[in-house]
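What follows is each chain in one-letter form.
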Amino acid sequence: VLLMLVGAANAVNFTDGLDGLAAGSGSLVFGAFVVIAFWQYRHPEFYGIIGTLELAILAAALMAAAAGFLWWNTAPAKVIMGDTGSQALGGAMAALALLTNTHLLLVILGGLYVIETVSVILQIISFRGWGKRIFRMAPIHHHFELKGWPEGTIVVRFWIIAALSVALGLGLFYGDFITSGGVG
């Protein structure tokens, strides 16, 4: 549990480097948890988890809060999230994954955060081990920034990666339901 909370909190914190990136991608992941928790609420005999309607409501509130925050956080940001906000989003994602019993699915739903974290880990290993940098700067969104990509382009493309990760995660969640005999 501690590993998930710390890992997710730091992964979202790594992602919070460009205006709107963490809030937009976080809104997508929380949207997935709305679907997951509500699906579990509608199929209690299959999942056996109590309180999933409340978790769906919490996820919906977090999704709306992150999406609403984008009004002030898109480039040029008038309000920034900072470490406290990004770590809270990551911690909430981990908590929702734990409470909905979708711990492993969080790695897929938060695929963008995994990519960002792996880019930091690879950069550290490469620089400390061989004295060479893989990326111009880590996390990887800053690498693209230094290559001359406009900030808006990076953010939107990373939102697309986040959306594809969420779609894949929801597909796996539903596929597991179908293959495990959920439809009867």
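Residues numbered from 1 in each chain as written. Predicted model: local features only at pLDDT ≥ 70, side-chain atom pairs only at ≥ 80, totals over all residues. Heavy atoms only, no water.

A. Region of interest: helix α9 (residues 151-179). In this model, α9 (29 residues) spans 42 Å end to end at C-alpha, consistent with the 42 Å of a helix rising 1.5 Å per residue. Buried within α9 we find Ile-154, Val-155, Phe-158, Ala-162, Ser-165, Val-166, Gly-169, Phe-173 and Phe-177. Elements that come into contact with the buried residues of α9 comprise α2 (21-42), α3 (44-47), α6 (105-109), α7 (111-130) and α8 (140-146). Following α9 by one or two positions, Gly-181 has its phi on the positive side, about 90°. (Helix = DSSP H or I, 4+ residues; strand = E, 2+ residues; numbered from the N terminus. Expected span 1.5 Å × (residues − 1). Buried < 20%, exposed > 50% of the residue type's maximum accessible area, 1.4 Å probe, protein only. Contact = heavy atoms within 4.5 Å.)

B. Looking closely at the side chain of Thr-52. Note that Thr-52 resides in helix α4 (residues 52-73). The class of Thr-52 is buried, set by a relative accessible area of 2%. Here Tyr-41 takes part through its backbone nitrogen, which lies 3.1 Å from a polar atom of the side chain of Thr-52. With sequence-adjacent residues up to four places away left out, Thr-52 is seen in contact with Ala-37, Gln-40 and Tyr-41. (Polar contact = N/O pair within 3.5 Å; in protein donor to acceptor, adjacent residues only side chain to side chain.)

C. Looking closely at the environment of Ala-9. Here Ala-9 shows up in helix α1 (residues 2-15). Overall, Ala-9 belongs to the buried group, its relative accessible area being 11%. Once residues within four sequence positions are removed from consideration, Ala-9 is found in contact with Ser-86, Gln-87, Gly-90 and Gly-91.

D. Up close: the packing of aromatic side chains. The final tally for this structure, using the stated rule, is 10 aromatic pairs. Geometrically, the ring pair formed by Phe-38 and Tyr-41 is tilted, given 5.8 Å between the ring centres and 40° between the ring planes. A residue pair is termed a helical-turn pair when its members lie 3 or 4 positions apart in one helix, as Phe-38 and Tyr-41 do in helix α2 at three residues. Using a relative accessible area of 39% as the deciding quantity, one classes Phe-38 as partly exposed. Taking 5.7 Å as the distance between ring centres and 5° as the angle between the ring planes, the aromatic pair formed by Tyr-47 and Phe-173 counts as stacked. Separated by 126 residues along the polypeptide, Tyr-47 in helix α3 and Phe-173 in helix α9 bring together distant segments of the chain. Summarising the burial analysis for this pair, Tyr-47 and Phe-173 share the class buried. Through successive ring pairs, a cluster of aromatic residues spans Trp-39, Phe-46, Tyr-47, Phe-173, Tyr-174 and Phe-177. The ring centre of Phe-127 lies 4.3 Å from the NZ or CZ of Arg-133, which sits over that ring. Positioned above the aromatic ring of Trp-149 is the side chain of Arg-157, whose terminal nitrogen or guanidinium carbon lies 5.0 Å from the ring centre. (Phe/Tyr/Trp six-rings, centres within 6.5 Å; stacked < 30°, edge-to-face > 60°. Lys NZ or Arg CZ within 6 Å of the ring centre and 35° of its normal.)

That's the geometry; what it means functionally is another story.
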